Amino acid sequence: MKSLQKIKHRINSINSTKKITKAMQLVATAKYGKIKNKLEDVSLYYKTVQNVFFNLMKNSTQDIDTLLNVKAYKFEKSRNLYIIVGSDLGLCGSYNSNLIKKINEEVKGEDILIVIGSKILSIINKNPNFHIIQTLTQIGDNPSYEIAQIISQKIYDVLEISWLKSVKIIYTKYINAIKSEPIVEEIFPVTFSKEKEEIITDEKDKQTYEPSAEKILTTSFTLFFEASIYNALFNSKLAETSSRRTAMEQASDNAEDLIEELEHEYNNSRQSKITQEITEIVSGANK
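Calculation criteria
- Residues numbered from 1 in each chain as written.
- Predicted model: local features only at pLDDT ≥ 70, side-chain atom pairs only at ≥ 80, totals over all residues.
- Heavy atoms only, no water.
- 1 Å grid on protein atoms, 1.4 Å probe; cavity = no way out; pocket = protein on both sides within 12 Å on 5 of 7 lines; lining within 4 Å.
- Points joined across faces, edges and corners; volume = space filled by probe spheres on them.
- Helix = DSSP H or I, 4+ residues; strand = E, 2+ residues; numbered from the N terminus.
- Nonpolar A, V, L, I, M, F, W, Y, C, P; charged D, E, K, R; others polar.
- UniProt positions renumbered as here; feature names shortened; annotations may be inferred.
- Pairing = 2+ DSSP bridges.
- Axes fitted to C-alpha atoms, helices over the stretch in contact; angles between N-to-C directions.
- Contact = heavy atoms within 4.5 Å.
- Core = buried A, V, L, I, M, F, W, Y, C linked by side-chain atoms within 4.5 Å.
- Buried < 20%, exposed > 50% of the residue type's maximum accessible area, 1.4 Å probe, protein only.
- Lys, Arg positive; Asp, Glu negative; His and termini not counted.
- Salt bridge = Lys/Arg side-chain N within 4 Å of Asp/Glu carboxyl O.
- Polar contact = N/O pair within 3.5 Å; in protein donor to acceptor, adjacent residues only side chain to side chain.
- Phe/Tyr/Trp six-rings, centres within 6.5 Å; stacked < 30°, edge-to-face > 60°.
- Lys NZ or Arg CZ within 6 Å of the ring centre and 35° of its normal.
- Patch = residues over 30% accessible without salt bridge, like charges linked within 9 Å, V, L, I, M, F, W, Y side chains within 5 Å.
- Areas by Shrake-Rupley, 256 points an atom, 1.4 Å probe, with all protein chains shown as cover.
- Charge placed at Lys NZ, Arg CZ, Asp CG, Glu CD.
- Right-handed = clockwise from strand over helix to strand, strands pointing away.

### Focus: empty space enclosed by the protein
Argument step 1. Throughout the structure, instances matching the rule amount to one cavity of 30 Å³ or more.
Argument step 2. Estimates place the volume of the largest cavity at around 30 Å³.
Argument step 3. Contributing to the lining of the largest cavity are Val 85, Gly 86, Tyr 95, Ile 139, Leu 233, Ser 236, Lys 237 and Glu 240.
Argument step 4. Per element, the largest residue contribution to the lining of the largest cavity is four residues, and it comes from helix H8 (residues 221-286).
Argument step 5. Split by residue class, the lining of the largest cavity holds four nonpolar, two polar and two charged.

Rendered as structure tokens:
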């Protein structure tokens, strides 16, 4: 009978766990819809800023680095600044582990980090070789634009006092409900390429700027950095929520499968116990 009690206890325990994972799945599903709608607005804003910024670059006669007053990144011993966008919470499948793999591939000894997210920060802190200069945690399910502004200002502060080769954002890009991938996006130095040429689709944008494209461009760097970071924040948040929803769904399904197995084991054990008792009674009656 003790064996039956153990099986019954396990079934009850897994049932309790299944209720939790199912509730988390429902919460993640509700959040997913809201964040996805917000990301659509953020992506539109980001593309608009890109369009304006690259048009200004195209119409500027001065070098971008001269406008930013940047010389340091050309030195051989210069380092990179990485902005890491992770999660505050766990229970989101392979979201953080995939991000860590990308970080380990990219970040080298002298590079410096700005880390966003409590969970990813706790993982990064386990490696003493990473140099963290700023952290932001508990950003919630609806990251504020102020976070992007804080990081953008930090980029400018570092550019003024440090030798930087580049500034890159490592974040998880949302692709669809079942797929996302960690990527590295360079936002400094700002270069004008054929890929960015495709962003400018309206030839009428080639116009005269007042007072000048250079002066407007100089004041637009902050906006470009902010928009890039804001877009990364919401891509990461949607990818995290989608990953958590999938993970909790799989956990609930696994719990259900395990419960069925245990119930089958319980019934077999109970039948065996009953058969054994009947056999003992019959044997005793025949003596």
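Next comes the rest of the account.
### Regarding the UniProt feature "coiled-coil region" (unreviewed entry) in the chain
Argument step 1. According to UniProt, the positions carrying the feature "coiled-coil region" (unreviewed entry) are residues 245-272.
Argument step 2. The annotated region residues 245-272 carries 100% helix and 0% strand content, and the separation between its end C-alpha atoms amounts to 41 Å.

### Concerning the sheet that holds strand E5 (residues 179-188)
Argument step 1. Read across the open sheet, the five strands follow the order E3-E2-E1-E4-E5; overall the sheet is mixed. One side of each edge strand has no neighbouring strand; the edge strands of this open sheet are strand E3 (131-136) and E5. Sheet twist, expressed as the average angle between the axes of neighbouring strands with direction ignored, equals 20 degrees.
Argument step 2. Bridging between strand E4 (residues 164-176) and E5 involves nine bridges; their strand directions are antiparallel. The partner of Lys 173 across the bridge, within E5, is Glu 181.
Argument step 3. Running at roughly 155 degrees to E4, helix H3 (residues 95-106) makes contact with strand E1 (79-85), E4 and E5 of the sheet.
Argument step 4. Contacts from helix H5 (residues 145-161) reach E1, strand E2 (112-116), E3, E4 and E5 within the one sheet, and its direction differs from that of E3 by about 155 degrees.

### Remarks on the nonpolar core
Argument step 1. One finds Ile 83, Ile 151 and Ile 155 to be the most contacted residues of the largest nonpolar core, which totals 43 residues.
Argument step 2. Ranked by the residues each element gives to this core, the list is headed by H8, at ten residues.
Argument step 3. Leaving out residues up to four positions away in the same chain, Ile 155 has contacts with Leu 81, Ile 83, Val 167, Ile 187, Phe 225 and Ile 229.
Argument step 4. Judged by nonpolar contacts, the second largest core, of 13 residues, contains Leu 113, Ile 120, Leu 121 and Ile 170.

### With respect to the side chain of Glu 185
Argument step 1. With respect to the helices and strands, Glu 185 occurs in strand E5.
Argument step 2. For the buried residue Glu 185, which engages in no salt bridge, the nearest side chain bearing the opposite charge is Lys 173, 6.5 Å off.
Argument step 3. Reaching out from Glu 185, the side chain makes a polar contact with the side chain of Tyr 46 at a distance of 3.0 Å.
Argument step 4. The contact partners of Glu 185, leaving out residues within four places of it in the chain, are Tyr 46, Val 167, Lys 168, Ile 169, Tyr 171 and Ser 228.

### Some thoughts on the environment of Val 42
Argument step 1. Of note, Val 42 is situated in helix H1 (residues 2-59).
Argument step 2. Sequence separation between Val 42 and Ser 228 is 186 residues, and the spatial gap between their C-alpha atoms is 9.9 Å.
Argument step 3. For Val 42, the contacting residues outside a window of four places in its chain are Tyr 230, Asn 231 and Phe 234.

### Let's talk about the packing of aromatic side chains
Argument step 1. Going through the model one piece at a time under the given rule, you end up with ten aromatic pairs.
Argument step 2. Within the aromatic cluster, the residues linked to one another by ring pairs are Phe 53, Phe 54, Tyr 156, Phe 221, Phe 224 and Phe 225.
Argument step 3. Sitting over the ring of Tyr 266, Lys 8 keeps its end group 5.3 Å from the ring centre.
Argument step 4. The aromatic ring of Tyr 32 is capped on one face by Arg 245, whose charged end is 4.2 Å from the ring centroid.

### A look at a negative patch on the surface
Argument step 1. On the surface, Glu 249, Asp 253, Asp 257, Glu 260, Glu 261, Glu 263 and Glu 265 cluster together into a negatively charged patch.
Argument step 2. A residue is classified by how much of its surface remains accessible, and Glu 249, at 38% relative accessible area, is partly exposed.

### Description of the pairing of E1
Argument step 1. Taking burial as the measure, the seven residues of E1 include six buried ones, the bulk of the element.
Argument step 2. As defined by bridge partners, E1 adjoins E2 across five bridges and the pair is classed as parallel. Within E2, the position partnered with Leu 81 by the bridge is Ile 112.
Argument step 3. Crossover handedness for the path E1 to H3 to E2: right-handed.

### Comments concerning the pattern of salt bridges
Argument step 1. Evaluation of the coordinates by the stated rule reveals five salt bridges.
Argument step 2. Between Lys 31 and Asp 141 there is a salt bridge, with the nearest N and O atoms lying 2.9 Å from each other. Residue Lys 31 is found in helix H1, and its partner Asp 141 is found in the loop between E3 and H5; the two are separated by 110 residues along the sequence.
Argument step 3. Judged by its relative accessible area of 32%, Lys 31 falls in the partly exposed class.
Argument step 4. Overall, the relative accessible area of 34% leaves Asp 141 in the partly exposed class.
Argument step 5. Salt-bridge contacts for Arg 244 lead to Glu 240; the nearest nitrogen and oxygen are separated by 3.0 Å. Note that Arg 244 and Glu 240 are positioned in helix H8 at a spacing of four residues, about one turn of the helix.

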